[in-house]
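One letter stands for each residue in the lines below.
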Amino acid sequence: MSTMAFFSITPIGSGESVSRYVARVIGSVKNSGLEWQLTPMGTIVEGESVKEVFDAINEGLKQLDDCNRLSISIKIDHRKNRKKGMDDKVESVFGKM
């Protein structure tokens, strides 16, 4: 199985630049041991189950306990018939160009 989640966590009321908060979340995701990729608009994390991926995101949320309000977006791709997909999906598109 493969579960990928694209997520974005934005503190509200913490100023215009949020990179210092993103860095805290990414540090936690990195420590999860899961595959991940930072993009300019959010982060992709991939694991074998929805629970594993949600646990990684939740650990990232804990890094922002000092923020009073967060805007959180999560988009999930869960496939039972694929073991790994993050890199394969990108390679499939480039292979068709």
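Residues numbered from 1 in each chain as written. Predicted model: local features only at pLDDT ≥ 70, side-chain atom pairs only at ≥ 80, totals over all residues. Heavy atoms only, no water.

Enquirer: What am I meant to see in the environment of Ile72 here?
Expert: On the secondary structure map, Ile72 appears in strand E4 (residues 70–79). In this structure the C-alpha to C-alpha distance between Ile72 and Met41, which are 31 residues apart in sequence, comes to 12 Å. Leaving out residues up to four positions away in the same chain, Ile72 has contacts with Ser8, Ile9 and Leu61. (Helix = DSSP H or I, 4+ residues; strand = E, 2+ residues; numbered from the N terminus. Contact = heavy atoms within 4.5 Å.)

Enquirer: Would you mind going over the nonpolar core with me for this structure?
Expert: Within soluble globular proteins, side chains that are nonpolar tend to cluster in buried spots. Ranked by size, the top nonpolar core spans 13 residues in total, and within it Phe7, Val25, Val45, Ile57 and Leu64 carry the most contacts. For Val45, the residues in contact, after removing those within four places along its chain, are Thr3, Met4, Ala5, Phe7, Val29, Leu34, Glu35, Trp36, Val53, Ala56 and Ile57. (Core = buried A, V, L, I, M, F, W, Y, C linked by side-chain atoms within 4.5 Å. Buried < 20%, exposed > 50% of the residue type's maximum accessible area, 1.4 Å probe, protein only.)

Enquirer: Honestly, a negative patch on the surface in this entry has me stumped. Any pointers?
Expert: Residues Glu35, Asp87, Asp88 and Glu91 make up a contiguous surface patch of negative charge. Top element by residues in the negative patch is helix H3 (residues 86–95). It accounts for three residues. A relative accessible area of 40% means that Glu35 is categorised as partly exposed. (Patch = residues over 30% accessible without salt bridge, like charges linked within 9 Å, V, L, I, M, F, W, Y side chains within 5 Å. Areas by Shrake-Rupley, 256 points an atom, 1.4 Å probe, with all protein chains shown as cover. Salt bridge = Lys/Arg side-chain N within 4 Å of Asp/Glu carboxyl O. Lys, Arg positive; Asp, Glu negative; His and termini not counted. Charge placed at Lys NZ, Arg CZ, Asp CG, Glu CD.)

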